[in-house]
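# Coordinates in review
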Amino acid sequence: MNRRIRTALLASCLLGLFSNPLHADGLSQYNVVWNSPSASALESMPCGGGDVGMNVWVEDGNLLIYLSRSGTFDELNTFPKLGRIRVSVSPNVLDDPDTFRQELRLEEGEVEIRSRKGSEEVTLRVWADVFRPMVHIDLEGNRQFTTYATYENWRSEPRRLEEGEKESCRTYKGAPVTAVMQPDTLGFDGNGIVFRHRNQGETAFDLAVRQQQLEAVKEQLWNPIEGLVYGGRMSGDRMVPCGTTNGQYASTPFRGWQLKSAAPRNKHHIQVALHTARDVTDREWAEAVARLETDNAGREKQRKKESLRWWKDFWDRSYIRVNPDRPDAGDPWEEFNRIVWCAQVAPPFASGMVDGYFDGDPPPAFWQCLAFYIGSNTLSSVYWAIDYG
């Protein structure tokens, strides 16, 4: 066959393959859907955009969101969550609802929650601006309702880390110094809530340089965490401060700063503007956050369209569809496939992995699957072991 003809046929095949975008073929069938609220943060959905990440779930009648952003390392070189947002509504349609649906909508890059209780209905959408470090929470109900939004933080004072907690900052494991998590700056700011952390004093970088005896060339080394300032400001349309809260989630005490809608409405909007900088004053940092908020004011719909366009382009890239007629088929426990190799070396790690995943109560079907993994891995290893006797 003539090379030119072959090239034309190949081009035609490729054009046909990639001109049929995945979202037009039913991307929504791969959305993750839950029909009941979560028991804890272990049952959270991922959400994000740009360099912003979130864990999203509904628990005990509250929408809960953990915030994170790339590059926000503290003095200990840990990568902490920036805080937790707790959103509730009154009447509380999220508490013991008649119907509930939480969906990770892939094409839209958002988490949507629909809840109904009696004649009351509410829809919540959580998404992040792909192009700007902004988190958005949109709420809409069939009737007017009041919204409460609380920013929660567990770093309001210095705290010495226990030995097990040093897994998040391994520079300090076995080090002859005390690992102390330094507090954030927290509080109301007008009709918003500001949370900010400034790295200062000795850091994990200084400890590592000293341990490696590199003091002579320390000034030539790049210190990525010195002078880092990160955090954000939470606010809401027509929302005002209404006090502080205290509580404990899991085993960790926290403090909260709460906003409340000034009056019941059918629609509410909450936003969190995040900012990270180095070697700036508190005023300079706050001015940068204010500019981000001002740039977004009145443009939420436009920003949403821009992000939706980015997600559409993302899903229109090349892809391979596996079992398109069975989108829900898969192995939910494949990550345990190699646990047989670590179980003999570190039993506490292996058992901790299982208990952590299943909250201490793995189902019988898991052990059957694990037995299959062990058998499969053992048999497939026989051939490779022959040369070693």
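This one's a predicted model, so the numbers in the text were calculated from it and none came from an experiment.

This brings us to the layout of surface pockets. By volume, the largest pocket is sized at about 750 Å³. Together, 25 residues line the largest pocket, and Trp154, Arg155, Arg159, Glu165 and Thr252 are the ones closest to its centre. Grouping the amino acids of the lining of the largest pocket by side-chain chemistry returns twelve nonpolar, six polar and seven charged. Quantified by volume, the second largest pocket comes out at close to 440 Å³.

Here the focus is empty space enclosed by the protein. Evaluated as defined, the whole model comprises one cavity of 30 Å³ or more. In this structure, the largest cavity spans a volume of roughly 40 Å³. If you go around the largest cavity, the residues you meet are Leu82, Arg155, Asp184, Phe195, Arg196, His197, Tyr230 and Gly231. Looking at the lining of the largest cavity, the elements that each hand over two or more residues are strand E13 (192-198) and strand E14 (228-236). The element best represented in the lining of the largest cavity is E13, accounting for three residues. Here the lining of the largest cavity is composed, by residue class, of three nonpolar, two polar and three charged.

Here the focus is the environment of Asp184. Checked against the element boundaries, Asp184 lands in the loop between strand E11 (180-181) and strand E12 (185-189). Of the residues examined, Asp184 reaches a relative accessible area of 12% and is grouped as buried. Remark: the alpha-carbon pair of Asp184 and Glu43, spanning 141 residues in sequence, is separated by 27 Å. Asp184 has contacts with Asn153, Arg155, Arg196 and His197, leaving out every residue within four places of it along the chain. A polar contact is formed between the side chain of Asp184 and the side chain of His197, at a distance of 2.7 Å.

Turning next to the side chain of Arg84. Relative to the assigned elements, Arg84 resides in strand E5 (residues 83-90). When its relative accessible area of 3% is taken as the criterion, Arg84 is described as buried. Among the polar contacts listed, one links the side chain of Arg84 to the side chain of Tyr66, at a separation of 3.0 Å. Contact partners of Arg84, with chain neighbours within four places excluded, come to Trp57, Leu64, Ile65, Tyr66, Thr150, Tyr151, Glu152, Trp154, Tyr249 and Phe254.

Moving on to a positive patch on the surface. A contiguous patch of positive charge, built from Lys267, Lys301, Lys305 and Arg309, is present on the exposed surface. Looking at which element gives the most residues to the positive patch, the answer is helix H4 (residues 300-315), with three residues. Locating Lys301 in the fold gives a position in helix H4. Residue Lys301 is classed as exposed on the basis of its relative accessible area of 71%.

Here we come to helix H7 (residues 364-385). Here H7 spans 32 Å end to end across 22 residues, near enough to the 32 Å set by a 1.5 Å rise per residue. Buried within H7 are the following residues: Phe366, Cys369, Leu370, Tyr373 and Asn377. Angular distribution of buried residues about the axis of H7 spans 100 degrees; they occupy a single face of the element. For H7, the exposed residues set more than 90 degrees away from the buried face come down to Pro364, Gln368, Phe372, Leu379 and Tyr383.

To continue, consider the nonpolar core. Met54, Leu63, Ile65, Leu67, Ile137 and Met234 are the most contacted members of the largest nonpolar core, which has 45 residues in total. At six residues, strand E9 (residues 134-153) tops the list of elements feeding residues into this core.

Moving on to a nonpolar patch on the surface. Together, Val382, Tyr383, Trp384 and Ile386 make up an exposed nonpolar region whose accessible area comes to about 530 Å². Mapping Tyr383 onto the fold places it in helix H7.

We now examine a negative patch on the surface. Together, Glu43, Asp355, Asp359 and Asp361 make up a region of like negative charge exposed at the surface. By relative accessible area, which is 61% here, Asp359 ends up exposed.

Before going further, it helps to examine the confidence of the model for the chain. Across the chain, the average pLDDT comes to 89, with 93% of residues at 70 or higher. Note that residues 1-19 has pLDDT below 50 and, in this model, five contacts with residues that lie over four places away or in other chains.

A few words on the pattern of salt bridges. All chains considered together, the criterion is met by 31 salt bridges. With a closest N to O distance of 2.9 Å, Arg125 and Glu112 form a salt bridge. Of this pair, Arg125 sits in strand E8 (residues 120-128) while Glu112 is found in strand E7 (residues 110-117), placing the two residues 13 residues apart along the sequence. Here Arg233 and Asp189 are joined by a salt bridge, their closest N and O atoms 2.9 Å apart. On the criterion of sequence distance, the pair formed by Arg233 in strand E14 and Asp189 in strand E12 is long-range, its members being 44 residues apart. One continuous salt-bridge network, built from bridges that share partners, spans Arg105, Glu108, Glu110, Glu112, Arg114, Arg125 and Lys304.

Attention shifts here to H4. The terminal C-alpha atoms of H4, which comprises 16 residues, lie 23 Å apart, in line with the 22 Å expected from a rise of 1.5 Å per residue. If you check which residues of H4 are buried, you get Glu300, Arg303, Lys304, Glu306, Ser307, Trp311 and Trp315. Turning to H4, the residues buried within the fold contact strand E2 (45-49), E7, E8, E9, strand E17 (265-278) and helix H3 (282-296).

Rules behind the numbers
- Residues numbered from 1 in each chain as written.
- Predicted model: local features only at pLDDT ≥ 70, side-chain atom pairs only at ≥ 80, totals over all residues.
- Heavy atoms only, no water.
- 1 Å grid on protein atoms, 1.4 Å probe; cavity = no way out; pocket = protein on both sides within 12 Å on 5 of 7 lines; lining within 4 Å.
- Points joined across faces, edges and corners; volume = space filled by probe spheres on them.
- Nonpolar A, V, L, I, M, F, W, Y, C, P; charged D, E, K, R; others polar.
- Helix = DSSP H or I, 4+ residues; strand = E, 2+ residues; numbered from the N terminus.
- Buried < 20%, exposed > 50% of the residue type's maximum accessible area, 1.4 Å probe, protein only.
- Contact = heavy atoms within 4.5 Å.
- Polar contact = N/O pair within 3.5 Å; in protein donor to acceptor, adjacent residues only side chain to side chain.
- Patch = residues over 30% accessible without salt bridge, like charges linked within 9 Å, V, L, I, M, F, W, Y side chains within 5 Å.
- Areas by Shrake-Rupley, 256 points an atom, 1.4 Å probe, with all protein chains shown as cover.
- Salt bridge = Lys/Arg side-chain N within 4 Å of Asp/Glu carboxyl O.
- Lys, Arg positive; Asp, Glu negative; His and termini not counted.
- Charge placed at Lys NZ, Arg CZ, Asp CG, Glu CD.
- Expected span 1.5 Å × (residues − 1).
- Arc of directions from axis to C-beta.
- Core = buried A, V, L, I, M, F, W, Y, C linked by side-chain atoms within 4.5 Å.
- pLDDT = per-residue confidence, 0-100.

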